[in-house]
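Given next are the chains, with one letter for each unit.
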Amino acid sequence: MREVPLYKAPSLTPPRPPLVRRRPSASTHLWLRRLGVGLGAMVALGAAFVIWAGLGSPSKLPRAELALSPQRASSWEDVFARGQRVRLCTLETGDVSGERSMLLRRDHVDFDRAREHVPLPIYAHLIRHPTRGDALIDSGLSAAFERDPFGDIRAPARWFHWAMDTRFTLPAGRSIGAQLARLSARPRQVYLTHVHGDHTAGLGELPRDVEIVTGEHEADDLAGHLGYGHFAEGTTLSEIRFSRGVPMPPFDVAVDVWGDGALWALPTPGHSRGHVSFVVNAELGPVLLIGDASHYAWAFEHGIGPRGPSARDDAVGQQSLDRLREFVRAHPSLRVVYGHDAPRAICEISPTP
C-alpha cells in the first residue's frame, strides 16, 4: 500500500526579504577612526602618567643589603652602660597641618580633640659619631617648601595631600640643607624611618653620595609607589635585613647598625610595611626615636597605634606600639622623641660660629 503524504498548509508568514549588509558611510568610518585614535591617546597618556608618576619613587630603585658588623646579643642595660656614645641633635624643619586623628588607627574612639588641628613639627635627627662622622635619621623638608605648601612633592601624592587638606609650612632658613650647613654637617648615611614624603623631602639637599637606608621591603609600601619625586634616578637603596639581627627583648630582633652599640634599629611595621624605629646611645643618655610608629606623645601615652594602609596594618602597628611602650616602661631612662612631637629639645651639637 502506498503512503500518501500528509497535507501541509501553506505558511501565512511572508518570506523575509534577503539581508542586505550596508557598508558604513564615510562619516561613520571617520567617527570610528577618531574614536580609536582618542582611546589610543588616552591609553598612551595614562601609561606616560604612570611612568612619570613613578619617577623618583623608591619602588623603582635597585636595592642591596646594608653591610653590617658582626651582631652580638646583649642586654639594653649593657648597651646603655658600655656602648659607643654619640652626639645627637633633633632638627625641626617646619611643620604640617591636618587632622591629628587621621593618623590614628581606624577603630580608635578617642583622641585629643583640643589639639586636633595643631600643626605637627617635622624632624630630622643628626648623629655625630666620633669615628664614622655624621649620619641622619630622616631628612626633613627642603627649601622648596618655603615657597610652596606642597614643596617639591609630585603628583599624584601632591593631589592626595591637597584632597586631605594637609599643608606644609617652612620658615626661611629652616630647611635641612640650611641647618646642616650651620652645623658643618655632611651626612654619609641617611636612615629613613619610612618613605612618606614628609620624611624624604630633604633628600635632594643632602650630599649626592649619601647612602640611603630603609627597612626591608619599605620601598614596596603603598607610599613607595606614589612617586613623591624625592629619590634620584640611579640611587641604590640599602635595606636593613633584620634576619641578621639578634634578640633584644621586648623585641624579637634588633640590629646593631654599626656594631658598637651607638645606633640600634628596631622593626616597627604597621604605619608602613618596613617602618623602623631607632635607639641612639647619646652622650646625655639613650634616646628612642620612634618615628611614625607613634606620631605624638598623646597617642603613645593612650596606647593608640598609628594608621596604616589597611585595617590589617593598623593591627600590626598596634603590636609595634605595644612593644615600644613595654620597652619604655622597662627603661625609664630613655628619652622619647615621637615622629612629630619632641617633648624636650635635644641637641648636643653646637653650631659653627
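See the structure shown above.
Throughout this description, residue numbers start from 1 for each chain and increase along the sequence as written. Given that the model is predicted, a residue must reach a pLDDT of at least 70 before its local features are reported, and side-chain atom pairs must reach 80 or more before they are shown or counted; all residues, however, enter totals for whole chains, interfaces and linings. Just so you know, side-chain values use all the structure's heavy atoms and leave hydrogens and water out.

S.K.: In this structure, what is going on with the overall build of the protein? I would like to understand it.
M.R.: Helix and strand definitions follow DSSP, with helices as H or I runs of at least four residues and strands as E runs of at least two, each counted in order from the N terminus. Along its length, the protein carries 7 helices and 14 strands. Exposure categories follow from relative accessible area, calculated using a 1.4 Å probe and restricted to protein chains: below 20% of the type maximum is buried, above 50% is exposed, and the middle band is partly exposed. Across the 353 residues of the protein, 50% fall into the buried class. It only takes one pair of heavy atoms within 4.5 Å for two residues to be counted as in contact. For the protein, long-range pairs separated by at least 24 residues make up 72% of all intrachain contacts whose partners lie at least 6 apart in sequence. On the protein, roughly 18200 Å² of surface is accessible, and the fraction owed to carbon and sulfur atoms is 57%. Values of accessible area rely on a 1.4 Å probe in the Shrake-Rupley scheme; residue burial ignores everything except the protein chains shown.

S.K.: What am I meant to see in the environment of leucine 206 here?
M.R.: Structurally, leucine 206 is set in the loop between helix H5 (197-200) and strand S7 (211-215). Those residues in contact with leucine 206, other than ones at most four positions away along the chain, are Leu136, Ser139, Ile176, Leu180 and Val190.

S.K.: I tried to follow helix H7 (residues 311-330) on my own but got confused; where do I start?
M.R.: The α-helix winds at 3.6 residues per turn, so residues separated by three or four positions along the chain end up facing the same way. Take the residue count of a helix, subtract one, and multiply by 1.5 Å to get its expected span. Here H7 contains 20 residues, and its C-alpha end-to-end distance of 29 Å stays within 8% of the 28 Å for a straight helix at 1.5 Å per residue. For H7, the full list of buried residues reads Asp313, Asp314, Gly317, Gln318, Ser320, Leu321, Leu324, Phe327 and Val328.

S.K.: What am I meant to see in the state of the cysteines here?
M.R.: A disulfide bridge is the covalent bond that connects two cysteines by way of their sulfur atoms. By convention in this document, the label disulfide applies to cysteine sulfur atom pairs within 2.5 Å. If you walk through the whole model with that rule in mind, you get 1 disulfide. Paired by a disulfide, cysteine 89 and cysteine 347 hold their sulfur atoms 2.0 Å apart. Negative torsions about the S-S bond denote left-handed disulfides, and the value of about -95 degrees found for cysteine 89 with cysteine 347 makes this one left-handed. Within this pair, whereas cysteine 89 is found in strand S2 (residues 87-97), its partner cysteine 347 is found in the segment after strand S14 (335-338), the two being separated by 258 residues in sequence.

S.K.: Is there a simple way to explain the sheet that holds strand S11 (residues 263-267) in this structure?
M.R.: Through backbone hydrogen bonds, the strands of a sheet pair up, either in parallel or in antiparallel fashion. Pairing between strands is defined by DSSP: at least two bridges between them are needed. Spatially, 6 strands are ordered S9-S10-S11-S12-S13-S14 in an open sheet, and the strand pairing comes out mixed. Across the chains shown, the open sheet's two edge strands, defined by having one partner strand only, are strand S9 (246-248) and S14. Mean inter-strand twist for the sheet, computed between neighbouring axes without regard to direction, equals 30 degrees. Direction of pairing for strand S10 (residues 251-256) relative to S11: antiparallel, over a ladder of 2 bridges. Bridge pairing in S11 links aspartate 256 to tryptophan 264. Here an angle of 0 to 180 degrees is reported between the N-to-C directions of two axes, which are lines fitted to C-alpha atoms, with helices fitted over the stretch in contact.

S.K.: Explain the packing of aromatic side chains to me, please; I cannot follow it from the model alone.
M.R.: Note on aromatic contacts: the rings of Phe and Tyr and the six-membered ring of Trp form a pair at centre separations within 6.5 Å, being stacked when their planes are under 30 degrees apart, edge-to-face when over 60 apart, and tilted otherwise. Scanning the entire structure with this criterion turns up 8 aromatic pairs. Taking the centre distance of 5.4 Å and the plane angle of 70 degrees together, the rings of phenylalanine 145 and phenylalanine 168 count as edge-to-face. Separated by 23 residues along the polypeptide, phenylalanine 145 in the loop between strand S4 (133-137) and helix H3 (157-163) and phenylalanine 168 in strand S5 (residues 167-169) bring together distant segments of the chain. The exposure class assigned to phenylalanine 168 is buried, which follows from its relative accessible area of 5%. For the ring pair tyrosine 191 and tryptophan 258, a centre distance of 6.2 Å and an interplane angle of 70 degrees mean the geometry is edge-to-face. Linking tyrosine 191 in strand S6 (residues 189-191) with tryptophan 258 in the loop between S10 and S11, this pair joins segments that are 67 residues apart in sequence.

S.K.: Looking at this structure, I do not really get the pairing of strand S12 (residues 276-282). What am I missing?
M.R.: Most of S12 sits out of view: 7 of its 7 residues are buried. With 5 bridges joining them, S11 and S12 adopt antiparallel strand pairing. Bridge assignment links proline 267 to a residue of S12, and that residue is valine 276. Summarising the sheet, S12 and strand S13 (residues 285-291) pair through 5 bridges and their orientation is antiparallel. Within the sheet, the bridge partner assigned to alanine 282 lies in S13 and is glycine 285. Count of turn residues in the S12/S13 antiparallel hairpin: 2 residues.

These figures capture arrangement, not role.
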